[in-house]
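# Summary of structural features
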Amino acid sequence: DAGITQSPRHKVTETGTPVTLRCHQTENHRYMYWYRQDPGHGLRLIHYSYGVKDTDKGEVSDGYSVSRSKTEDFLLTLESATSSQTSVYFCAISEGQKQPQHFGDGTRLSIL
Amino acid sequence: QKEVEQNSGPLSVPEGAIASLNCTYSDRGSQSFFWYRQYSGKSPELIMFIYSNGDKEDGRFTAQLNKASQYVSLLIRDSQPSDSATYLCAVLGGDSSYKLIFGSGTRLLVRP
């Protein structure tokens, strides 16, 4: 299995609070991604990174920010969580832009 | 908007049969195609990827790509109950963004 660790694995929080999810990889891959998965919508890209301090928006980036200060860590922050952000969040990594992506175990986030 | 379409299923096949999963995509410039398997409550797991027209075989799995008709399929030979899962088709966009677009998945049930 690709060395990807997501933390926390489960989190329940309240509307309006900030939330940060962490993705840590041991593969030294350049590309890292954050997706959310919701019933009926499949996996949708939130943000991705193509190097340290290099990030770009995905399909559903509103309400989310990311940071990557080290190759191995990619953080996803919900500045002020809303109930619509209740979802399962997956981190993925890939060696190159066209290479297959491998996924972490996911974080189940519930916002009440 | 670029789309990847899959029949949600469930597709039910008897043990030992061939399961055929199909996917169509809208972006004619798409270059790379991936199949992921996802068990309930788990993360997506890469099964196959294909870049060129034709067939690619790996064990019991065969990926088929027809760029002219814009469809990609996954055949699972000698289906086993352990193959019961949701299968996600993913297509890498043909533009310079190289973002992966996922279908909503087809649920496969293999009956013992």
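The structure this text deals with has already been given above.
The rules behind these values
- Residues numbered from 1 in each chain as written.
- Chains lettered and ligands numbered in written order.
- Predicted model: local features only at pLDDT ≥ 70, side-chain atom pairs only at ≥ 80, totals over all residues.
- Heavy atoms only, no water.
- Helix = DSSP H or I, 4+ residues; strand = E, 2+ residues; numbered from the N terminus.
- Rg over C-alpha atoms; globule rule 2.2 N^0.38 Å.
- Buried < 20%, exposed > 50% of the residue type's maximum accessible area, 1.4 Å probe, protein only.
- Contact = heavy atoms within 4.5 Å.
- Areas by Shrake-Rupley, 256 points an atom, 1.4 Å probe, with all protein chains shown as cover.
- Lys, Arg positive; Asp, Glu negative; His and termini not counted.
- Charge placed at Lys NZ, Arg CZ, Asp CG, Glu CD.
- Polar contact = N/O pair within 3.5 Å; in protein donor to acceptor, adjacent residues only side chain to side chain.
- Pairing = 2+ DSSP bridges.
- Axes fitted to C-alpha atoms, helices over the stretch in contact; angles between N-to-C directions.
- Disulfide = S-S within 2.5 Å.

### Quick notes on the overall build of chain A
Looking only at helices and strands, chain A has zero helices and 11 strands in total. The linear arrangement of helices and strands in chain A, starting from the amino end, is β-β-β-β-β-β-β-β-β-β-β. Relative to the compact-globule value of 13 Å for 112 residues, chain A shows a C-alpha radius of gyration of 13 Å, a close match. Principal-axis analysis of the C-alpha atoms gives chain A an extent of 35 × 30 × 25 Å. Looking at chain A residue by residue over its 112 residues, the buried ones come to 50%. Across chain A, contacts joining residues at least 24 apart in sequence account for 55% of those joining residues at least 6 apart. As displayed, chain A has an accessible area near 5,300 Å², and 44% of this comes from carbon and sulfur atoms. In chain A, which carries 12 positive and 13 negative side-chain charges, the distance between the mean positions of the two groups comes to 1 Å.

### Here we look at the side chain of Thr77 of chain A
All names here are of chain A. Tracing the backbone shows Thr77 in strand β8 (residues 73–78). We classify Thr77 as buried; its relative accessible area is 17%. A distance of 3.2 Å separates a polar atom in the side chain of Thr77 from a polar atom in the side chain of Thr20. When near neighbours in sequence (up to four residues on either side) are disregarded, Thr77 contacts Val19, Thr20, Gly63, Tyr64 and Ser65.

### Focus: the sheet that holds β8 of chain A
All names here are of chain A. The four strands are arranged β1-β3-β8-β7 in an open sheet whose pairing can be described as antiparallel. The strands lining the two open edges of the sheet, one partner per strand, are β1 (4–7) and β7 (64–70). Recorded for the sheet is a direction-independent mean angle of 15° between the axes of neighbouring strands.

### Quick notes on the state of the cysteines
In this structure the tally under the stated criterion is two disulfides over all chains. Here Cys23 of chain A is linked by a disulfide to Cys91 of chain A, with a sulfur-sulfur distance of 1.9 Å. Taking the sign of the S-S torsion, about -70° here, the bridge from Cys23 of chain A to Cys91 of chain A comes out left-handed. Of this pair, Cys23 of chain A sits in strand β3 (residues 19–25) while Cys91 of chain A sits in strand β9 (residues 87–94), and the two are 68 residues apart along the sequence. Note on cysteine connectivity: Cys23 of chain B is disulfide-linked to Cys89 of chain B, with sulfurs 2.1 Å apart. Measuring handedness by torsion sign, the sulfur bridge of Cys23 of chain B and Cys89 of chain B sits at about -70° and is left-handed. You can see Cys23 of chain B sitting in strand β3 (residues 19–25) and its partner Cys89 of chain B sitting in strand β9 (residues 85–92), a full 66 residues away along the chain. Each member of the pair, Cys23 of chain B together with Cys89 of chain B, is buried.

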